[in-house]
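Chain and residue survey
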Amino acid sequence: MRRRLPAPGRTPLTLVTLLAGCVLVAVLLLDTGSASHPDGAVISTIPGAQASLRPAGGDTELRLSGMPQPRAKMIYEVWLLRPQEHARPIDDMFTVTHGGHAIVDLPGHLNGVREVMLTEEPIGGSDSPTGQVLLRVVHPSALARG
């Protein structure tokens, strides 16, 4: 008796393989483990932009590279997001060097901060983000908390 094979793409093994492949891609794209991202997970809408958080004495530095200059009459502003709070701006607003680099001093060790966010705001800054969040750095301690 001749055994008929299931149609391609419908075998349990094919579905399991496809699912495993999707999970692997998701893990590679969203990998936020502290061992591979000790500076936090970076989510950016700016192609080529990179960011990291580094301790600097009693403060923390946000180091940026690959950033474009802000648009005319705009400036970059950094926001700190804590659980159950609205994003709060730090005091400094900035642009980047011609090479797209900047180092921004953030207050303290960022205790309780879940995310550091970057937006482009009108010169003078804003009390709350007015535009799209261009870049997020999920703080390593937030990754450890899950």
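In what follows, the accompanying structure is described.

Scoring rules and cut-offs
- Residues numbered from 1 in each chain as written.
- Predicted model: local features only at pLDDT ≥ 70, side-chain atom pairs only at ≥ 80, totals over all residues.
- Heavy atoms only, no water.
- Salt bridge = Lys/Arg side-chain N within 4 Å of Asp/Glu carboxyl O.
- Helix = DSSP H or I, 4+ residues; strand = E, 2+ residues; numbered from the N terminus.
- Buried < 20%, exposed > 50% of the residue type's maximum accessible area, 1.4 Å probe, protein only.
- Pairing = 2+ DSSP bridges.
- Axes fitted to C-alpha atoms, helices over the stretch in contact; angles between N-to-C directions.
- Core = buried A, V, L, I, M, F, W, Y, C linked by side-chain atoms within 4.5 Å.
- Contact = heavy atoms within 4.5 Å.
- Patch = residues over 30% accessible without salt bridge, like charges linked within 9 Å, V, L, I, M, F, W, Y side chains within 5 Å.
- Areas by Shrake-Rupley, 256 points an atom, 1.4 Å probe, with all protein chains shown as cover.
- Lys, Arg positive; Asp, Glu negative; His and termini not counted.
- Charge placed at Lys NZ, Arg CZ, Asp CG, Glu CD.
- Phe/Tyr/Trp six-rings, centres within 6.5 Å; stacked < 30°, edge-to-face > 60°.

1. Description of the pattern of salt bridges
- Taken as a whole and judged by the stated rule, the model has 4 salt bridges.
- A salt bridge links Arg88 to Glu85, with the nearest nitrogen and oxygen atoms 3.8 Å apart.
- Between Arg136 and Glu115 there is a salt bridge; the shortest N-O distance is 2.6 Å. Placement of Arg136 in strand β8 (residues 133-138) and of Glu115 in strand β7 (residues 115-122) is noted, with a sequence separation of 21 residues between them.
- Residue classification places Arg136 among the partly exposed residues on the basis of a relative accessible area of 26%.
- Glu115 sits in the buried class, given a relative accessible area of 18%.

2. Quick word on the sheet that holds strand β2 (residues 50-56)
- Taken in spatial order, the 3 strands of this open sheet run β2-β3-β6, and their pairing is antiparallel. Two strands bound the open sheet, and with one partner strand each, they are β2 and β6 (102-106). Across the sheet, the mean angle separating the axes of adjacent strands is 25 degrees when strand polarity is ignored.

3. Quick look at the nonpolar core
- Judged by nonpolar contacts, the single largest core of 23 residues is most densely connected at Leu62, Leu64, Met67, Val78, Phe94, Leu106 and Val116.
- Of all the secondary structure elements, the ones that give two or more residues to this core are β2, β3 (59-65), β4 (74-81), β5 (88-94), β6, β7 and β8.
- Beyond its immediate stretch of four places on either side in the chain, Met67 contacts Ile46, Ala49, Tyr76, Val96, Gly100, Leu118 and Leu135.

4. Regarding a negative patch on the surface
- A cluster of acidic residues, Asp59, Asp91, Asp92 and Asp105, forms a negative patch at the surface.
- Along the chain, Asp91 turns up in strand β5.

5. Observations regarding the environment of Arg114
- Its location among the elements puts Arg114 in the loop between β6 and β7.
- Separated by 25 residues in sequence, Arg114 and His139 have C-alpha atoms that sit 5.3 Å apart.

6. Observations regarding the packing of aromatic side chains
- Applying the stated criterion across every chain yields a total of 1 aromatic pair.
- Judged by centre distance (5.7 Å) and plane angle (40 degrees), the rings of Tyr76 and Phe94 are tilted. With Tyr76 in strand β4 and Phe94 in strand β5, the pair connects residues that are 18 residues apart, well separated along the chain. Assigned by exposure class, Tyr76 and Phe94 land together as buried.

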